[in-house]
Amino acid sequence: MSCPSADGGAAGAGAVSGGEATWDAGLYDRSFGFVSAFATDMVDLLAPEPGERIVDLGCGTGKLTADIAARGADVIGIDGDEAMVERARALHPDLTFEHADGRDFAIEGLADAVFSNAALHWMKEEPARVIACVARALRPGGRFVAEMGAHRNIRIITDALYQALAEEGVAAEAVDFPWYFPRTSHYVGLLEDGGFDVTQLRYFARPTPLDDCPNGLADWIAMFGQNFTDAAPPGRAQAVIERTIALSRDRLCPDGRWVTDYTRLRFVAVRVSEG
Ligand code: BEZ
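Residues numbered from 1 in each chain as written. Predicted model: local features only at pLDDT ≥ 70, side-chain atom pairs only at ≥ 80, totals over all residues. Heavy atoms only, no water.

Participant: Run through the sheet that holds strand 11 (residues 263-271), naming residues and quoting values.
Facilitator: Strand order in the open sheet formed by 7 strands is 5-4-3-6-7-11-8, with mixed pairing between adjacent strands. In this open sheet, the two edge strands, each paired with only one partner strand, are strand 5 (96-99) and strand 8 (196-205). Strand-to-strand twist of the sheet, defined as the mean angle between neighbouring strand axes without regard to direction, takes the value 15°. Note that strand 3 (residues 53-57) and strand 6 (residues 111-117) share 3 bridges and pair parallel. Following the sheet pairing, Ile 54 is matched in strand 6 by Ala 113. Of the strands in this sheet, strand 3, strand 4 (74-79), strand 5 and strand 6 are in contact with helix 4 (residues 63-70), which crosses strand 4 at around 170°. In this fold helix 6 (residues 127-137) packs onto strand 3, strand 6, strand 7 (138-149), strand 8 and strand 11, with an angle of close to 140° to the strand it touches most, strand 7. (Pairing = 2+ DSSP bridges. Helix = DSSP H or I, 4+ residues; strand = E, 2+ residues; numbered from the N terminus. Axes fitted to C-alpha atoms, helices over the stretch in contact; angles between N-to-C directions. Contact = heavy atoms within 4.5 Å.)

Okay, structure coming up:
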């Protein structure tokens, strides 16, 4: 098998502007199901108990929300993208989903846990405000269980995108970098300042295959990398994608299978009791 290239055409578009994603939710489910598939052990880490009130922050199309509900918890899925919320509601009509910004969501009453998978790195503005919101939603002693992209996440891909743009005469400053990939020490500081005790934490590389993407990295860029392709000179976006693929192929697709260079920060933090 050879690595697919950009020639097959990018599969659909997840429009990204101003750092806020507007997703092609159907494509996301078809080709990026690994996002939730990789996180089933996150639900084990959350360990939802029957009857617990749980918020799934950045729930996407609701796969993990449904897994949490299947364990008997009373779960609310929240996402900042309307298309994702609509699809989540259509796929899981018996569950509750709300459209809200991670920086100012609110729930009625207090939750036992807030869960978040592969979403916090999209909330790049004011992460301390996101954490404050999570703290406000939790009862004292409630837990915040999350995994996010972390320092050095997808560095090979983004370095290649920046280089491909530079070769087109585009400066790095022209790209509105859409993600927040914090260092562990920085994020732990935010959690502690925000009223949490971090009880578990792991930073790790998690190479992630793109087996459901027929066009490999081209599909990934089409789904997630639009802030980069938007910065390309007129008519040159496809050339930037092809060059990015050429620059990263040796490291990410050495034997015919695209495997992206994800790094993760996974943690459990407990809301400190007041008083
Ligand atoms: C991630 O899960 O790390 C990720 C996904 C899409 C774009 C950037 C990062």
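Participant: Quick rundown of the site of the ligand? Include the residues and the values.
Facilitator: Around the ligand, the neighbouring residues are His 121, Trp 122, Asn 153, Ile 154, Trp 179, Phe 181, Trp 220, Phe 224, Tyr 262 and Arg 264. Taking His 121, its side chain carries an N or O atom lying 3.4 Å from an oxygen atom of the ligand. Taking Asn 153, its side chain carries an N or O atom lying 2.7 Å from an oxygen atom of the ligand. With the chains in place, 98% of the 260 Å² that the ligand exposes on its own is no longer accessible. Grouping the constituent residues of the shell around the ligand by class yields 7 nonpolar, 2 polar and 1 charged. (Near = heavy atom within 4 Å. Polar contact = N/O pair within 3.5 Å; in protein donor to acceptor, adjacent residues only side chain to side chain. Areas by Shrake-Rupley, 256 points an atom, 1.4 Å probe, with all protein chains shown as cover. Nonpolar A, V, L, I, M, F, W, Y, C, P; charged D, E, K, R; others polar.)

Participant: Can you explain the nonpolar core? Please cite residues and give values.
Facilitator: Within the largest apolar cluster, 37 residues are counted, with the highest numbers of intra-cluster contacts made by Phe 32, Leu 165, Trp 179, Leu 217, Trp 220 and Phe 224. Elements with a minimum of two residues in this core: helix 1 (25-31), helix 2 (34-37), helix 7 (155-167), helix 9 (217-224) and helix 11 (237-252). At 6 residues, the largest contribution of residues to this core is made by helix 9. Residues in contact with Leu 217, not counting those within four places in the same chain, are Ile 157, Leu 210, Ile 245, Ser 248 and Trp 258. Ranked by size, the runner-up nonpolar core spans 31 residues in total, among them Ile 107, Val 134, Leu 138 and Leu 191. (Core = buried A, V, L, I, M, F, W, Y, C linked by side-chain atoms within 4.5 Å. Buried < 20%, exposed > 50% of the residue type's maximum accessible area, 1.4 Å probe, protein only.)

Participant: Requested: an account of the side chain of Ser 248, with residues and values cited.
Facilitator: Summarising the element assignment, Ser 248 is placed in helix 11. If sequence neighbours within four positions are ignored, Ser 248 has contacts with Ile 156, Ala 160, Leu 217, Cys 253 and Trp 258.

Participant: Tell me what's going on with the side chain of Thr 61, and back it up with residues and numbers.
Facilitator: Inspection of the secondary structure assignment puts Thr 61 in the loop between strand 3 and helix 4. What makes Thr 61 buried here is its relative accessible area of 6%. Excluding its chain neighbours within four sequence positions, the residues that come into contact with Thr 61 are Ala 25, Tyr 28, Asp 29, Met 84, Arg 87, Ala 88, Leu 91 and His 92.

Participant: Can you tell me about the packing of helix 7 against helix 11, naming the residues and giving the values?
Facilitator: Close contact between helix 7 and helix 11 brings their axes to 8 Å; oriented N to C, the two are set at 140°. Viewed along their axes, helix 7 and helix 11 adopt a mutual orientation that is oblique. In this structure, helix 7 crosses over helix 11, and the sense of that crossing is right-handed. In this structure, helix 7 uses Ile 156, Ile 157, Ala 160, Leu 161, Gln 163, Ala 164, Leu 165 and Glu 167 to contact helix 11, whose residues at the interface are Val 240, Arg 243, Thr 244, Leu 247, Ser 248, Arg 251 and Leu 252. Grouping the constituent residues of the contact of helix 7 with helix 11 by class yields 9 nonpolar, 3 polar and 3 charged. (Parallel < 35°, antiparallel > 145°, perpendicular 65-115°, else oblique. Left-handed = near helix turned anticlockwise from the far one by under 90°.)

None of the figures reported here should be taken as evidence of function without further support.
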